[in-house]
Amino acid sequence: MTLISTQTPTAELQALDAAHHMHPFTTGDALAKRGARVITRAEGVWLTDSEGHRIIDGMSGLWCMNIGYGNQRLVDAAAKQMQELPYYNTFFMTTHVPAIALANKLAEIAPGDLNHVFFASSGSEANDTNLRLVRAYWSAKGQPERQVIISRRNAYHGSTMAGMSLGGMSGMHEQGGIIPGIHHIDQPHWWAEGGDMTPEEFGLARAQDLEKALLEIGPEKVAAFIGEPIQGAGGVIIPPATYWPEIQRIVDKYGILFISDEVICGFGRTGNWFGFQTMGTRPDIITCAKGLSSGYVPIAASIVNDKVADVINAIEFNHGYTYSGHPVAAAVALENLRIIEEQNLVGRVKDDIGPYLAAQWATLADHPMVGEAKIVGLMGSLALTPNKATRAPFKADAGTVGYMTRECCFGNDLVMRHVGDRMIIAPPFVISHAEVDELIARARKSLDQAYEKVKAAGLFEAA
Ligand SMILES: *Cc1c(COP(=O)(O)O)cnc(C)c1O
């Protein structure tokens, strides 16, 4: 076999990639024709590809690279732990120092009585754990008929069977169906679905769909509700202010468990340690991954409150992963959390770089193709539309214009994703003011180019 390295010519790497590597959420044949972009190095918020382009990573990898690329302290933490104890499990009455230290740190950071940690290696796995946890909880309390989990359409909770079933992505559900006992209600997506209601009315109405679903199913059959504080992969959908307080009221009224999926919002993304703090809710369980290690190593966690832990700890919970609390991953995550604390990165998102980006982001709203520019902390979205007043979708298939805009961003060495016809960003917390200016300049240039292309193709037309 050829020796494959960063010195291998790009076209050859692309051919080798196409021959043997199956990509997530990708049409393999289409990618093979075009050739994947090969990322070779990264530093801070900058990626370098095999052609020497310097690209601003406006998405923090996949919402995870919060402390920025190239942090030597995480490298050292991993190396030290690999030398000392590269692996041991936490089954069979054993434990190790990195798992102890990280669990204690998470209990300290998580507010209130969120004091107990079950480890996994990905957000999907942690949500599998949550599904097992809530059903085991009710079963142990003598209510095994409480099985149903209520989630939302267009939610993202991962890609394993449980994760994708909890999620509300129809394109995923269509490929193989979902597991039983999961019920989806509509999302608080005012821009696309709010009709003539004010955002406040709409937020309330969508929250009350939870109560309707509870009464339809029978509250005695419902185990839990799960939601992301701000839907990420669904298009950075920031719910109206009325939404979460009403959800909390309903969860309290019926006594079901509440899971906040903090895989994106956790560890500072919204300007608080957790997204639920920004939204003012009180979950029983939170899902953590991505920013827990800033993506340097795979690690995830379910943090549960005393109420849930008291019940689960009284039974043998027949669940766990070979890599639950993996020592190297735990050591790296712990160092990542130390860096976030020492550099006050959560405060930086809240009081400095967050407001700075928000002000720049808002300027994009005057672009002829942008209907609204919204942002919380360092996660923002643009709604593309041919008619700002009516919030009309484009006549072209959903995602056509978004994709064209994404391609322009690609050409301008900016990673800004599209979800349908929404453009989204979530840059690293360490992004500087000058880098924000550069990001916004590239975004505006890309929007301008896309606008010209969309008009030239006769696509700037409402459905
Ligand atoms: C990414 C994501 C997940 C899944 O995490 P993986 O590590 O990809 O399995 C779950 N929930 C949310 C909100 C996510 O954004």
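Going along each chain's sequence as written, the residues are numbered from 1 onward. With pLDDT at 70 or above as the cut-off, local features in this predicted model cover only qualifying residues; side-chain atom pairs require 80 or more to be listed or tallied, and sums for whole chains, interfaces and linings still use all residues. The side-chain values count all of the structure's non-hydrogen atoms but skip hydrogen atoms and water molecules.

Structural notes on helix α6 (residues 123–140)
Operational definition: Secondary structure elements are taken from DSSP: a helix is a run of H or I of four residues or more, a strand is a run of E of two residues or more, and numbering for both begins at the N terminus. In this scheme, a helix's expected span is set at 1.5 Å multiplied by one less than its residue total. Partly exposed residues are those whose accessible area sits between 20% and 50% of the maximum for their type, while under 20% is buried and over 50% is exposed, using a 1.4 Å probe and protein chains only.
When the terminal C-alpha atoms of α6 are compared, their 25 Å separation across 18 residues agrees well with the 26 Å that a helix rising 1.5 Å per residue should span. With 13 of 18 residues buried, α6 is to be regarded as a mostly interior element. G142 sits one or two residues past α6 and shows a positive phi near 80°.

Examining the state of the cysteines
Applied cut-off: The disulfide criterion is simple: two cysteine sulfur atoms within 2.5 Å.
Under the criterion given, the structure shown has zero disulfides. Between C408, a cysteine without a disulfide, and C409, which holds the nearest cysteine sulfur, the sulfur-to-sulfur distance is 7.0 Å.

Some words on the sheet that holds strand β13 (residues 414–415)
Backbone-to-backbone hydrogen bonds pair the strands of a sheet. The strands run either parallel or antiparallel. Put simply, the test is: Note on pairing: two strands pair once DSSP finds at least 2 bridges between them. Residues are treated as being in contact if the distance between any of their heavy atoms lies within 4.5 Å. Axis angles are defined between N-to-C directions and span 0 to 180 degrees, where every axis is a line fitted to C-alpha atoms and, for a helix, only to the segment in contact.
Read across the open sheet, the four strands follow the order β1-β2-β3-β13; overall the sheet is mixed. Strands with a single pairing partner mark the edges of an open sheet, and in this sheet they are β1 (39–43) and β13. Across three bridges, strand β2 (residues 46–49) lies against strand β3 (residues 54–57) in antiparallel orientation. Across the sheet, residue L47 finds its bridge partner in β3, namely I55. Of the strands in this sheet, β2, β3 and β13 are in contact with helix α18 (residues 433–456), which crosses β3 at around 100°.

Topic: the domain arrangement of the protein chain
Keep this limit in mind: Segment limits for the domains were obtained from an automatic or database-derived domain assignment. Buried area: the accessible area, evaluated with a 1.4 Å probe, that two parts lose upon being put together, summed over both parts. What counts as a salt bridge is simple: a side-chain nitrogen of Lys or Arg found within 4 Å of a carboxyl oxygen of Asp or Glu. In protein, a polar contact requires one atom able to donate a hydrogen and another able to accept it; more generally it is a pair of N or O atoms within 3.5 Å, and residues adjacent in sequence count only if both atoms are side-chain atoms.
When cut into domains, the protein chain gives domain 1 (37–67 + 346–456) and domain 2 (73–342). Between the C-alpha centres of domain 1 and domain 2 there is a distance of 26 Å. Each partner contributes residues to the interface: domain 1 has 31 residues there, and domain 2 has 33 residues. Here domain 1 and domain 2 share an interface that buries about 2,700 Å² over both sides, 64% of which is from carbon and sulfur atoms. Linking domain 1 with domain 2 are zero salt bridges. Here domain 1 and domain 2 share 13 residue pairs in polar contact (both at pLDDT 80 or more) between them. Looking at the side of domain 1 that touches domain 2, the elements that each hand over two or more residues are α3 (60–63), α15 (345–351), β11 (370–376), β12 (379–384), β14 (417–419) and β15 (422–425). Sorting elements by how many residues they give to the side of domain 1 that touches domain 2 places β11 first, with five residues.

Comments concerning the packing of aromatic side chains
Test applied: Between the rings of Phe, Tyr and Trp (Trp by its six-membered ring), a pair exists once the centres lie within 6.5 Å; its type follows the angle of the planes, with under 30 degrees stacked, over 60 edge-to-face, and the other angles tilted. Counted as over-ring charges are cases with an Arg CZ or a Lys NZ within 6 Å of the ring centre that also lie within 35 degrees of the ring normal.
All told, the structure shown has 14 aromatic pairs when counted by the stated rule. Taking the centre distance of 5.1 Å and the plane angle of 80° together, the rings of Y243 and W244 count as edge-to-face. Comparing Y243 with W244, the two get one shared label, buried. Judged by centre distance (5.2 Å) and plane angle (75°), the rings of Y451 and F460 are edge-to-face. Classification of F460 by relative accessible area gives partly exposed; the value is 24%. Members of the aromatic cluster, joined through ring pairs, are F225, Y243, W244 and F258. The positively charged end of R34 is found above the aromatic ring belonging to F410, 5.3 Å away from the centroid. The cationic tip of R146 hangs over the ring face of W138; the distance from NZ or CZ to the ring centre is 4.3 Å.

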